[in-house]
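# What the coordinates show
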Amino acid sequence: MRKSIFDSEVTKDHIIGLINYLCEFLYNCYQVEVPKEIRGDVVDKVLAHYKLHIDTYNVPVNGIDPYKFLSWSGLYLYELTIHNEELSDLILKSTIISMNRTLVEEGRILPKLFLQKIFNMVKSEYRGKDSLGLGKNGLYLTFRSASLCQFEDTKHLIQSMKK
Amino acid sequence: MEGSKKMDIQISKDMYSREDLDEIINQIEGYATIHYAEKEDIKDDDVINHMPYNSGKFFEKTIQDTDFLKKSLLNDIAFSKQIFG
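### Some points on the nonpolar core
Residue and element names in this part refer to chain A. One finds Val43, Phe69, Ile118 and Phe143 to be the most contacted residues of the largest nonpolar core, which totals 66 residues. Broken down by element, this core gets its largest block of residues, 11 residues, from helix 1 (residues 9–30). Excluding residues within four positions of it along the chain, Ile118 makes contact with Ile96, Leu110, Leu134, Leu139, Thr142 and Phe143.

### Quick look at the packing of helix 4 (residues 85–105) of chain A against helix 3 (residues 66–84) of chain B
Any two packed helices are characterised by how steeply their axes cross, that is the angle between the axes, and by the distance between the axes. Between helix 4 of chain A and helix 3 of chain B, the least distance of the axes is 10 Å, while the angle of their chain directions is 120 degrees. Here helix 4 of chain A is positioned oblique relative to helix 3 of chain B, judged by the angle of their axes. Helix-helix and strand crossings are classified by hand; for helix 4 of chain A and helix 3 of chain B the assignment is right-handed. Residues Lys93(A), Ile96(A), Ile97(A), Asn100(A) and Arg101(A) of helix 4 of chain A touch helix 3 of chain B, and the partners they reach there are Ser72(B), Asn75(B), Asp76(B), Phe79(B), Ser80(B), Ile83(B) and Phe84(B). Its residues assigned to classes, the contact of helix 4 of chain A with helix 3 of chain B comprises five nonpolar, four polar and three charged.

### Comments concerning the confidence of the model for chain B
Residue and element names in this part refer to chain B. Mean pLDDT over chain B works out to 88, with 93% of the residues at or above the 70 mark. Of all helices and strands in chain B, the one with the weakest mean pLDDT is helix 1 (residues 18–28) (91), whereas helix 2 (residues 53–64) scores best (97). Predicted complex, confidence summary: ipTM 0.91, pTM 0.92.

### Comments concerning a nonpolar patch on the surface
Residues and elements named next belong to chain A. There is a patch of nonpolar side chains on the surface, built from Leu157, Ile158 and Met161 and spanning about 310 Å² of accessible area. Here Ile158 lies in helix 7 (residues 155–162). On the accessibility criterion, Ile158 (39% relative accessible area) is partly exposed.

### Some words on unusual backbone geometry
Residue and element names in this part refer to chain A. Positive phi values are uncommon outside glycine, yet Gln31 reaches one of about 60 degrees. What makes Gln31 exposed here is its relative accessible area of 59%. A positive phi angle is found at Asn58, which is not glycine, with a value near 55 degrees. Relative accessible area serves as the criterion here: at 57%, Asn58 is assigned to the exposed category.

### Section: the interface of chain B and chain A
In this assembly, 57 residues from chain B lie in contact with 60 residues from chain A. Both faces combined, the contact of chain B with chain A buries some 5,800 Å², and carbon together with sulfur accounts for 62% of it. Summed over the shared surface of chain B and chain A, the number is six salt bridges. Looking at the side of chain B that touches chain A, its residues break down into 28 nonpolar, 15 polar and 14 charged.

Each value, and the rule that gives it
- Residues numbered from 1 in each chain as written.
- Chains lettered and ligands numbered in written order.
- Predicted model: local features only at pLDDT ≥ 70, side-chain atom pairs only at ≥ 80, totals over all residues.
- Heavy atoms only, no water.
- Core = buried A, V, L, I, M, F, W, Y, C linked by side-chain atoms within 4.5 Å.
- Buried < 20%, exposed > 50% of the residue type's maximum accessible area, 1.4 Å probe, protein only.
- Helix = DSSP H or I, 4+ residues; strand = E, 2+ residues; numbered from the N terminus.
- Contact = heavy atoms within 4.5 Å.
- Axes fitted to C-alpha atoms, helices over the stretch in contact; angles between N-to-C directions.
- Parallel < 35°, antiparallel > 145°, perpendicular 65-115°, else oblique.
- Left-handed = near helix turned anticlockwise from the far one by under 90°.
- Nonpolar A, V, L, I, M, F, W, Y, C, P; charged D, E, K, R; others polar.
- pLDDT = per-residue confidence, 0-100.
- Patch = residues over 30% accessible without salt bridge, like charges linked within 9 Å, V, L, I, M, F, W, Y side chains within 5 Å.
- Areas by Shrake-Rupley, 256 points an atom, 1.4 Å probe, with all protein chains shown as cover.
- Salt bridge = Lys/Arg side-chain N within 4 Å of Asp/Glu carboxyl O.
- Buried area = accessible area lost by both parts, 1.4 Å probe.

This is how it looks when you write it as structure tokens:
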């Protein structure tokens, strides 16, 4: 029988760490409580979407991508509260800060103005300006791309393109 | 001279636990099993979904050490105020 990523206790700890960090940040920074039941609902929805994503794009998985998890978790909560702009803004800010924390732990930094821009572009997506916006997949891909980016001598690539 | 008020970080009563997660996993394993990619499943140019090492250690520590979680939240709250005011 094929192994599941949920056979790993470490992966389970990662999922728990991720959802709790996002929600505890919301609680302490903005005094927004996310009840345990809602956290469970978020995890359920995110893992189902994760499965759909990896099947659609044939992605090999050895653990939980924190950027996908945080983006989809945060924006699931954002969508739940979309009728309350003030509250949903706090959720979006918390999501971006949590994703930024993950990136910083890997030794990478995005400019502060860029983090503000990400916030504004996600808002645009959900508030009637989707042609200018960034959705839950764009949000995760922004941070994941930053995490995967590496320095490499590209002179040979540039030279080959000039031929 | 009055000192500045230090923010008190409180961990909520709603912390999600291993038992809570196990309940969800038992329910979804039928329709949303995420298989672990073995070596034979992986092509040379694949980018494997995983938790990066340092981030993984960070999130593991936040659930093992409450003081560490509180300090990290405090740092991020301060950073958030720089970004979003």
